[in-house]
Amino acid sequence: MSDHGQRPRRRGQGELEALVLSALREADGPATAGWVQQRLGGDLAYTTVITILTRLLAKGAVTRERAGRSFAWTPASDHAGLAAHKMRKVLDAETDREAVLASFVTGLDPDDERLLRELLDQPRSDGED
C-alpha cells in the first residue's frame, strides 16, 4: 500500500538550507524563525527551521542578533558571496592549494578564464594590495 499523496516528499538538507536562505533574502531586514516558517508556507516545523538556521550560522551563511527572547536572522552574503565561501572552504581543506587552483583554472572555459584574469588585475578593495 502506497502513501503517495499523503506525505510531502522529504527534502535534502541542502535544499532546505537554500529555501531558508532564499526566504531570508526576501525579508526587508532581520527575520525571525517564525517569519521564515510562515514565508515557506508553514509546511516545515518551527524546530526544523531553527535547526537549519543554526546549521547556516555554523557555516557562516547567516548572522543572528537577539530579538527579545528569540533571534532575528540575516543572510551573511548574497548568492555569489555564499558560493565564494564554499569555494574557499573546499580550497582550505586541501593540502596542495597550488595543484587545486591550477586544476581549477585549466578547467575554465576561455571566457571565464579571461574574466578571472581581469578580476585578478584589479586593485583589491579590502586594502590588501
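In what follows, the structure referred to is the one given above.
Residues numbered from 1 in each chain as written. Predicted model: local features only at pLDDT ≥ 70, side-chain atom pairs only at ≥ 80, totals over all residues. Heavy atoms only, no water.

(A) The overall build of the protein chain, seen in detail. From N to C terminus, the protein chain includes six helices and three strands. The order of α-helices and β-strands along the protein chain, N terminus first, is α-β-α-α-β-β-α-α-α. Once local pairs closer than 6 in sequence are excluded, the contacts in the protein chain between residues at least 24 apart make up 41%. Carbon and sulfur atoms provide 52% of the accessible area of the protein chain, an area that totals close to 9,700 Å². (Helix = DSSP H or I, 4+ residues; strand = E, 2+ residues; numbered from the N terminus. Contact = heavy atoms within 4.5 Å. Areas by Shrake-Rupley, 256 points an atom, 1.4 Å probe, with all protein chains shown as cover.)

(B) Quick peek at the sheet that holds strand 1 (residues 31-32). The antiparallel open sheet is built from three strands, whose spatial order is 1-3-2. Both edges of this open sheet fall to strand 1 and strand 2 (62-67), since each of them pairs with a single strand only. Strand contacts of helix 3 (residues 46-58): strand 2 and strand 3 (70-75), with the helix running at about 120° to strand 2, the strand carrying the most contacts. (Pairing = 2+ DSSP bridges. Axes fitted to C-alpha atoms, helices over the stretch in contact; angles between N-to-C directions.)

(C) The arrangement of the pattern of salt bridges in detail. Counted by the stated rule, this structure contains five salt bridges. As a salt-bridge pair, Glu-17 and Lys-59 come within 2.8 Å of each other at their nearest N and O atoms. Linking Glu-17 in helix 1 (residues 13-26) with Lys-59 in the loop between helix 3 and strand 2, this pair joins segments that are 42 residues apart in sequence. Owing to a relative accessible area of 8%, Glu-17 belongs among the buried residues under this scheme. Among the salt bridges present, the one from Arg-97 reaches Asp-92, with a minimum N-O distance of 2.8 Å. On the basis of relative accessibility, which here comes to 52%, the residue Asp-92 falls in the exposed class. (Salt bridge = Lys/Arg side-chain N within 4 Å of Asp/Glu carboxyl O. Buried < 20%, exposed > 50% of the residue type's maximum accessible area, 1.4 Å probe, protein only.)

(D) The nonpolar core, seen in detail. Grouped together as the largest cluster of nonpolar side chains are 18 residues, with contacts concentrated most on Val-20, Leu-24, Val-36, Leu-53 and Leu-56. Counting residues per element, the ones that place at least two in this core are helix 1, helix 2 (33-39) and helix 3. A total of five residues in this core trace back to one element, the largest contributor, which is helix 1. Contacts of Val-36, omitting those with residues within four sequence positions, involve Val-20, Ala-23, Leu-24, Ala-31 and Val-49. (Core = buried A, V, L, I, M, F, W, Y, C linked by side-chain atoms within 4.5 Å.)

The quantities given are spatial measurements derived from coordinates; they are silent on function.
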